[in-house]
Amino acid sequence: MSSELRYDGKVAIITGAGNGLGRQHALMFAARGARVVVNDLGGGIHGEGKSSAAADKVVEEIRAAGGEAVANYDSVEDGDRIVQTALDAFGTLDIVVNNAGILRDSSFHKMTQADWDLIVRVHLHGAFRVSHAAWPILRDKGYGRIIMTTSAAGIYGNFGQANYSAAKLALVGLANTLAQEGRAKNIHVNTIAPIAGSRLTETVLPPELIAALKPEYVSPLLGWLCHEDCKESGSLFEVGAGYIGKLRWERSKGRSLPLGRPFSAEDVARHWAQIGDFTDAEHPGNINESMAPLLANMNSKSLGGNEFIDLDQAMNSETVIDSQYDQRDVALYALGVGAAPDPLDDQELSYVYELKGDRFQVLPTYAVMPASNAMLALAKEGKQVLKGLNFGFERLLHGEQYTEIKQPLKGQDQLRHSFRLKAAYDKAPHAVVVIAVTSRNQAGEEVAYNETTMFVRGAGGWGGDRGPAGETLEPPAREPDAVIEERTDANQALLYRLSGDWNPLHADPAFAKAFGFDKPILHGLCTYGYVARHVIKAFLGNDARRFKSIRVRFADNVFPGQTLVTRMWRESATRVIVETRVKENDKIVIKNAAVEFYEQIPVAASAKPAAAQPPADAGPSAGELFGAIALHLQQHKGLGEQIKTVFQFRLKSPDSDWYLDLKSGDGAVQQGLAAQADVTLELADADFIAMATGKADPNKLYFGGKMKVSGNVMASQKLGFLQKLDPKLLQQTRGTRAAAAEAAPPADASGSATIFAAIGLHLQAHPGMGAQIKTVFQFQLKQPDSSWVIDLKSGDGRVFAGVAEQADVKLEMADEDFLAMASGKADPNKLYFGGKMKVSGNVMASQKLGFLQKLDPKLLQQARGTAAAAPRAPAAAASALSPAASRSAALLERLQQKLAQDSTALAALKGKLLRLNLREPEASWLLDCSGAQPSLKAQAPGQADAVFGIRDEDLYALLQRQAPVRSLYQQGRLRVDGDVRLAPQLALLAELL
């Protein structure tokens, strides 16, 4: 069957077909079986004269090639005669290509009416007349294809071609409308904008370019667009020199000026950049899509606003900004709000001295700084924090501030701040704007919430809501429960501004005077920090962790060097009313203020105990490192006699205690607390791991305050051997843990891990179950979630935590239902038909799990005992001395036998040497195919063409056809050094088995 696009039985009219593009179109259609009407008036390119020669010549060419064609010499303005020629000669019509055209180029100021009229008559009226005459025929047939020919001049404009451009672009509109009207009758209409060498282009393009722009490079597009298989309609294409591209309309997102309030030419000018911004461009495909934003704007009710505050935009705007801070930032902030006036006060020192370790705290009001600094950074770039807020700092007064702490702030963190407009009130002639900011950490947990209320001078008057009267927090008519008086330093504003508020009003005397102040004023948020400190000191024992929120109204200015007097009234166990005055002038500077406390210290969601999950290998644990140290002591006898010291390690996050007894003999490693330690080291678990693996310097940890050493400090220098541990020892302890995980996974709260451990013991006690059952079972347990695999595909079978690469049957149920089923308290069939157990895959294979209900209780007891003993250091160290058993060794030995029996095996690897370097446990095998007899030898020397690094477990899976080579390589479980192309050949080893 030929794939050629044929036009057998179809009739096509090509106007202007005597030369150039029209001639090539006619030849192309005729060559593909169409019967063609070759229309050409035979005049000049400017519309003068008439001749039949051009059309006749093309007809002769077609007939000479075996095709069918007739000539027509009418003007396209007589389109009905052209169509009649088709009917007279062939009895029907299927395709119309409007190609005829002339030129009358002239600059607009020189153009005559005749120049304009003739171009429009030939191009636009001519295409209309021919198409209009053909339209009833195509409608009656329920089939038709029409092509309009436009030009780049029509699409983009071109100097000296106003008449031509207008007519050509009009054809695009005509085609788009006909495409819609003809769609129901299977009439497809498209437009092409060709660039090709012809009589019309030879006057405007250089000869060498004309030679390259052959008409043959345009006609193939028509060969597809006019075919019955092509469904394209209503489209515009640029084509020429082998290039074909589809054009579409593009429109900027624009700016909708809300109806319901007047707007002016000045409003248009102000939004001009947005009106012309194509960043989020749209591409309307029809008039309905074009009207969509207009209709949306008509149907939306304006919220109001003016040139300073556009509520329609601002209320729908959100800005997200990322920031980060560290201990230096929070300590500098604390100093900026007056913390630690007495450097010997240990409680105050905890806010400014990061080497306090766990006692280092962040003042709660620091929560306003990252978000505030993000706003200031935008302002510095001339940007607003939210679209629609179009006022500058010169109009702003900070009226109120609210900060709520969701969890105690960390000494350093990365935060994401989300800014939204909460409210805007019209206090004509001024306005009040409330911006809400939610700050989240990298885990997505909300850390803090802020509300900043700003008074915007001259921004009101749009007739909006004046807003609520506001809560009035008048102090009780009694003596305050606490009063703290504190003088600010003369340079307090200069110190505070280092935390990010660069506004020159607080630092530059000349700038301050320009705004009516005798000298720079203190930041309102600096006073805010002072007030919070006073409340924390008076009611929380200077421990800020139960601090929940603070709300204040800024009532007057404070100058650096003035004295703040904060009076506090306890309203309840968790709420305090506050008022702050300046002592020197008795003016209230903070009023309507309240501070709230948590009853208990809040805990971050990420710090709360989570449901048990299958452990992910994120690097060595402290327990594994101490196991490696135990092996080190075994290999280096007499270290105790040399060092004569007992080292106590107290690790945090998670907490654990270990000690190295190097007082005498060979030394020992124990978990727990030593009866009498010579030196105690306290540090985070992560820092100990980093130190023991050489990633952190012990001296830097100590002097950086991350490691606390007490007792015989100099003795800690004797621990240098920790950084010289043989990596193989750590690998050995980790390998032992991974191998032991199958037989004795850690005990969990649900007990399911113990059940699977017992199943593993059952398989050991009943060899060959895999060969009998030949099925891989995947268990997906819920509440808590865990995944387990019982691999009974072959051999003795195995049990492990995780997800199988290819399971035959999958069982999903609650953890408690699995426990009930495995202990005989629940019938599997009842669980299944009761909807409590979902089985997918080979459902019948699930019947093979009957042995679960026959588990020997002694095995379960043994599994529980193994899990309980697993965390103990002596057991861990002892097991670390026994290498994990190799699962692939038996298969490799079988391969040795196969190769010895068959010299033709692995012919595809002839002449090659491959080395398998295994780990967990370590081993090396050389596959030698360089001689007449292939061989596989353990620990054999030789230079290999390719070296494959792979875990013993993964090689076992590969040889058992459970893990394809490709998957292992893509997942990073197979490393290839040397000729990578040999990697796929490893599959041959599995085939031999």
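Since this is a predicted model, take the numbers as computed values, not measurements. Per chain, the residues get numbers from 1 upward, laid out in the order the sequence is written. This being a predicted model, a pLDDT of at least 70 is required before a residue's local features are given, and a value of 80 or more before pairs of side-chain atoms are given or counted; all residues contribute to the totals for chains, interfaces and linings. With hydrogens and water excluded, all non-hydrogen atoms of the structure serve as input to the side-chain values.

## Considering the sheet that holds strand S32 (residues 946–951)
- Pairing between strands is defined by DSSP: at least two bridges between them are needed. Put simply, DSSP H or I for four residues or longer makes a helix, DSSP E for two residues or longer makes a strand, and each gets a number counted from the N terminus. Strands sit in the order S31-S30-S29-S32-S33 across an open sheet of 5 strands; the sheet is mixed. The sheet is open, and its two borders are formed by strand S31 (935–938) and strand S33 (974–978), each paired with just one other strand. In this sheet, neighbouring strand axes are inclined to one another by 20° on average, regardless of whether the strands run parallel or antiparallel.
- Note that strand S30 (residues 923–928) and S31 share 4 bridges and pair antiparallel. For leucine 927, the partnering residue across the bridge sits in S31 and is leucine 936.
- Any two residues having at least one pair of non-hydrogen atoms within 4.5 Å are treated as being in contact. Only C-alpha atoms enter the line fits that serve as axes; for helices the fit covers just the stretch in contact. Angles between N-to-C directions range over 0 to 180 degrees. With respect to the sheet, helix H30 (residues 889–901) is in contact with strand S29 (913–919), S30 and S31, its orientation differing from that of S31 by roughly 145°.
- Taken strand by strand, helix H31 (residues 952–959) contacts S29 and S32, and its axis lies near 105° from that of S32.

## Some thoughts on the side chain of threonine 563
- Note on placement: threonine 563 falls in strand S16 (residues 563–572).
- Remark: exposure states derive from per-residue accessible area (1.4 Å probe, protein chains only) relative to the maximum for the residue type, with buried under 20%, exposed over 50%, and partly exposed in between. Looking at threonine 563, the relative accessible area reads 7%, which means it is buried.
- Nitrogen and oxygen atoms within 3.5 Å of one another constitute a polar contact, given that in protein one can donate a hydrogen and the other can accept it, and given that sequence-neighbouring residues count only through two side-chain atoms. A polar contact of 2.9 Å, which involves the side chain of threonine 563, links it to the side chain of glutamate 584.

## Notes on the sheet that holds strand S14 (residues 482–487)
- What the 10 strands build is an open sheet, ordered S9-S11-S12-S13-S10-S15-S18-S17-S16-S14; its pairing is antiparallel. The outermost strands of the open sheet, each flanked by one partner alone, are strand S9 (318–325) and S14. Sheet twist, expressed as the average angle between the axes of neighbouring strands with direction ignored, equals 20°.
- As paired elements, strand S10 (residues 396–405) and strand S13 (residues 446–456) share 9 bridges and run antiparallel to each other. Counted as the bridge partner of glutamine 401 is threonine 452 from S13.
- Packed onto the sheet, helix H15 (residues 368–380) meets S9, S10, strand S11 (413–427), strand S12 (430–440) and S13 and runs at close to 70° relative to S11.

## Thoughts on the pairing of S30
- Sheet analysis places S29 next to S30, joined by 6 bridges and oriented antiparallel. Along S30, the bridge assignment pairs leucine 918 with alanine 923.
- Between S29 and S30, which pair antiparallel in sequence order, lie 3 residues; one of them, glutamate 920, sits at a positive phi of approximately 55°.
- Between the antiparallel neighbours S30 and S31 lie 6 residues.

## Quick word on the domain arrangement of the chain
- By convention here, the domain bounds are inherited from an automatic or database domain assignment. Domain annotation of the chain identifies domain 1 (11–247), domain 2 (265–302), domain 3 (313–597), domain 4 (622–739), domain 5 (752–867) and domain 6 (887–992).
- Using C-alpha coordinates to define each centre, domain 1 is positioned 75 Å away from domain 5.

## A few points about H31
- Among the 8 residues in H31, 8 count as buried, and that is most of the element.
- Listed as buried for H31 are Asp952, Glu953, Asp954, Leu955, Tyr956, Ala957, Leu958 and Leu959.
- Directly after H31, the chain includes arginine 961, whose backbone phi takes a positive value near 65°.

## So, the pattern of salt bridges
- In what follows, salt bridge is the name for a side-chain nitrogen of Lys or Arg lying within 4 Å of a carboxyl oxygen of Asp or Glu. Applying the stated criterion to the full structure yields 39 salt bridges.
- Of the charged contacts in the structure, one is a salt bridge between arginine 104 and aspartate 115, with a shortest N-O distance of 3.5 Å. In this pair, arginine 104 sits in the loop between strand S4 (95–98) and helix H4 (113–141) while aspartate 115 sits in helix H4, placing the two residues 11 residues apart along the sequence.
- By relative accessible area, arginine 104 is classed as partly exposed at 28%.
- We classify aspartate 115 as buried; its relative accessible area is 13%.
- One salt bridge in this structure joins arginine 270 and aspartate 267, with 2.3 Å as the shortest N-O distance. Highlighted residues: arginine 270 and aspartate 267, both in helix H9 (residues 265–270), separated by 3 residues, approximately one helical turn.

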